[in-house]
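Descriptive structure summary
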Amino acid sequence: MGPRHCPSPCPHHSKGSGSEWEEVTGRPSDVRIMAGKVKWVTDIEKSVLINNFEKRGWVQVTENEDWNFYWMTVQTIRNVFSVETGYRLSDDQIVNHFPNHYELTRKDLMVKNIKRYRKELEKEGSPLAEKDENGKYLYLDFVPVTYMLPADYNLFVEEFRKSPSSTWIMKPCGKAQGKGIFLINKLSQIKKWSRDSKTSSFVTQSTKEAYVISLYINNPLLIGGRKFDLRLYVLVSTYRPLRCYMYKLGFCRFCTVKYTPSTSELDNMFVHLTNVAIQKHGEDYNHIHGGKWTVNNLRLYLESTRGKEVTGKLFDEIHWIVVQSLKAVAVNASPSLTSSTANDRILKYNLINDTLNIAVPNGEIPDCKWNKSPPKEVLGNYEILSCAFLHRPGARMLMERGGYDEELAQGDGADRELRSRQGQSLGPRGGRSRDSGRTVLTTWK
């Protein structure tokens, strides 16, 4: 969810809803209620959005009129908040994206920011940046070895030659839905791609499209022999302080063809990519359930096959990754609101409903000065990002409020220091570093 306020008023609006309330002072109460209704606009014609706005009795307006809530496409966000436009939100306006969302949602920028975040923590001497004897991060190792092409070609070749039998996956930085992705296991394939793309050299920057290339995870967790990924929804209401919520009703997307690490299947995207845009063209694609499972079903399956403790730890670490990724940019920029199945449509309608309940409390005109965590009863299917820290003061409050709140987390500094002296762990992977012999603390901070 986008920012609630900006330092200066919007130049395109002479007055906001606040002045409207003043104009109707002394008039009948029903007039005041009409004047105080949220005015919305969107350039995304999706029923899950529009139905949610209309059921609240909000008033639809055009982008050239005074508005309070604008659900924008990614391109509109870029245009509206470009340097040339110089647009600023007024105190009673909110949008559905932060202007710099691409710092996390573009593949190359995400990797750049996470690498920078790690280095900053190292400079600060943070225990989060602790490494093992092989130089591997103990707590921030959630991104595979990745390089940018063509810029990092020489670095990539050096790494590739350390393990020439490894498989790598190439993805265009600015595309989605599986477009332009392919796997390689030979340097000659990179050179062929370079020639096909009419790039003269990897040493110098070119005008061709940038790619990221990552070490492929060739032993993924499989269910029924098939690869799957997770589509999880996270609502960020503010970055300063960071306040975010995980939606309970995410889902898994499965490949239609059983996985094999065999090099003979490197070109078979039905084996390797879970994107619906790819899988829906497969012979075994099921148009009723769309090759999807709810996250709740995944959790039940894992608890029955791996145990509750292992499953709980897995989800704690997923939540950990979410928060650390958000802190690295202080992510899908345009989550699909297209429904491929009936269950999809229900899920996304409820997702938008719960999102609006948090972003626009009580359906009232937005106010940038309102900066409190919403009460538990309005959270719907949103929940706290982790229950791994219930032993910490304030953690129970975090869980009851249903989200991660940086201000409350920062209030536990004294407790962390005391526990560190006592040798107690605070994070999902807390423990003693094998090489240093001292306690390595992992906390939300």
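Quick notes on the rules
- Residues numbered from 1 in each chain as written.
- Predicted model: local features only at pLDDT ≥ 70, side-chain atom pairs only at ≥ 80, totals over all residues.
- Heavy atoms only, no water.
- Helix = DSSP H or I, 4+ residues; strand = E, 2+ residues; numbered from the N terminus.
- Buried < 20%, exposed > 50% of the residue type's maximum accessible area, 1.4 Å probe, protein only.
- Areas by Shrake-Rupley, 256 points an atom, 1.4 Å probe, with all protein chains shown as cover.
- 1 Å grid on protein atoms, 1.4 Å probe; cavity = no way out; pocket = protein on both sides within 12 Å on 5 of 7 lines; lining within 4 Å.
- Points joined across faces, edges and corners; volume = space filled by probe spheres on them.
- Nonpolar A, V, L, I, M, F, W, Y, C, P; charged D, E, K, R; others polar.
- Phe/Tyr/Trp six-rings, centres within 6.5 Å; stacked < 30°, edge-to-face > 60°.
- Lys NZ or Arg CZ within 6 Å of the ring centre and 35° of its normal.
- Pairing = 2+ DSSP bridges.
- Salt bridge = Lys/Arg side-chain N within 4 Å of Asp/Glu carboxyl O.
- Axes fitted to C-alpha atoms, helices over the stretch in contact; angles between N-to-C directions.
- Parallel < 35°, antiparallel > 145°, perpendicular 65-115°, else oblique.
- Left-handed = near helix turned anticlockwise from the far one by under 90°.
- Contact = heavy atoms within 4.5 Å.
- pLDDT = per-residue confidence, 0-100.

Focus: the overall build of the protein
Scanning the protein from terminus to terminus reveals 16 helices and 17 strands. For the protein, with 445 residues in total, the buried portion stands at 47%. In the form shown here, the protein has an accessible surface area of approximately 23000 Å², with 50% of it arising from carbon and sulfur atoms.

With respect to the layout of surface pockets
One number sums up the size of the second largest pocket: a volume of about 270 Å³. Lining the second largest pocket are 13 residues; nearest its centre among them are Phe 251, Thr 294, Asn 343, Asp 344 and Leu 347. The element contributing the most residues to the lining of the second largest pocket is helix α13 (residues 342-359), with five residues. Of the residues assigned to the lining of the second largest pocket, the class counts are six nonpolar, five polar and two charged.

A look at the packing of aromatic side chains
Between two aromatic rings, the relevant description is the distance of the centres plus the angle of the planes. On inspection of all chains with the given rule, the structure shows 20 aromatic pairs. With a centroid separation of 6.1 Å and an interplanar angle of 45°, the aromatic rings of Trp 58 and Phe 69 are classed as tilted. In this pair, Trp 58 is assigned in the loop between α3 (47-55) and β2 (59-60) and Phe 69 in strand β3 (residues 69-71), connecting sequence segments eleven residues apart. When its relative accessible area of 8% is taken as the criterion, Trp 58 is described as buried. Of the aromatic side chains, those joined through ring pairs into one cluster are Trp 40, Phe 53, Trp 58, Phe 69 and Trp 71. Across from the ring centre of Tyr 147, 5.7 Å away, lies the NZ or CZ of Lys 115, which sits over that ring. The ring of Phe 315 is capped by Arg 299, whose NZ or CZ atom sits 4.4 Å from the centre of that ring.

A closer look at the sheet that holds β3
Reading across from one edge, β2-β1-β3-β4 is the order of the four strands in this open sheet, with parallel pairing throughout. The two strands at the open ends of the sheet, each matched to only one other strand, are β2 and β4 (94-95). Bridge count for strand β1 (residues 39-42) against β2 is two bridges, and the pairing is parallel. In the sheet register, Lys 39 faces β2, and the bridge partner there is Val 59.

So, the pattern of salt bridges
Note on pairing: side chains with opposite charge can pair once their charged atoms come close. Inspection of the entire model under this criterion finds ten salt bridges. Residue Arg 299 pairs with Glu 303 through a salt bridge whose shortest N-O separation is 3.7 Å. Here Glu 303 and Arg 299 lie together in helix α11 (residues 295-306), a separation of four residues that amounts to about one turn. The exposure class of Glu 303 is partly exposed, given its relative accessible area of 24%.

Comments concerning the pairing of strand β10 (residues 234-239)
Counting buried positions over the six residues of β10 gives five, a clear majority of the element. Sheet analysis places β10 next to strand β11 (residues 242-247), joined by five bridges and oriented antiparallel. Pairing of Val 234 across the sheet is with Met 246, part of β11. Between β10 and β11, which pair antiparallel in sequence order, lie two residues.

Focus: the packing of helix α7 (residues 153-160) against helix α8 (residues 187-196)
Between α7 and α8, whose axes approach to 11 Å, the crossing angle comes to 160°. The pairing of α7 with α8 is recorded here as roughly antiparallel in orientation. The two elements α7 and α8 cross, and the hand of that crossing is right-handed. Contacts between α7 and α8 pair Tyr 153, Phe 156, Val 157 and Phe 160 from the former with Leu 187, Ile 190 and Lys 191 from the latter. Split into classes, the residues belonging to the contact of α7 with α8 amount to six nonpolar, no polar and one charged.

Overview of the packing of α11 against helix α12 (residues 308-329)
Interhelical geometry of α11 versus α12 gives an angle of 140° and a closest axis separation of 7 Å. With respect to their mutual orientation, α11 and α12 come out oblique. Residues Val 295, Leu 298, Arg 299, Leu 302, Glu 303 and Arg 306 of α11 form the contact with α12, whose own contacting residues are Lys 308, Val 310, Thr 311, Gly 312, Leu 314 and Phe 315. Residue classes in the contact of α11 with α12 are distributed as six nonpolar, two polar and four charged.

What about the environment of Phe 81?
Mapped onto the secondary structure, Phe 81 falls in the loop between α4 (74-80) and β4. In this structure the C-alpha to C-alpha distance between Phe 81 and Pro 99, which are 18 residues apart in sequence, comes to 6.4 Å.

Considerations on the sheet that holds strand β13 (residues 292-294)
Strand order in the open sheet formed by three strands is β9-β12-β13, and the pairing between neighbours is antiparallel. Two strands close off the open sheet at either side, each with one partner strand: β9 (228-231) and β13. Geometrically, the sheet is characterised by an average inter-axis angle of 25° between neighbouring strands, direction not taken into account. Of the pairings in the sheet, the one linking strand β12 (residues 251-254) to β13 comprises three bridges and is antiparallel in character. Residue Arg 253 lies in a different strand from β13, and its bridge partner there is Lys 292.

A look at the confidence of the model for the protein
Looking at the protein as a whole, its pLDDT mean stands at 77, while 72% of the residues score no less than 70. For the stretch residues 199-206, pLDDT sits under 50, and the model shows 13 contacts to residues farther than four places along the chain or on other chains. Confidence over residues 412-445 falls short of pLDDT 50; this stretch has 84 contacts with residues more than four positions distant or in other chains.

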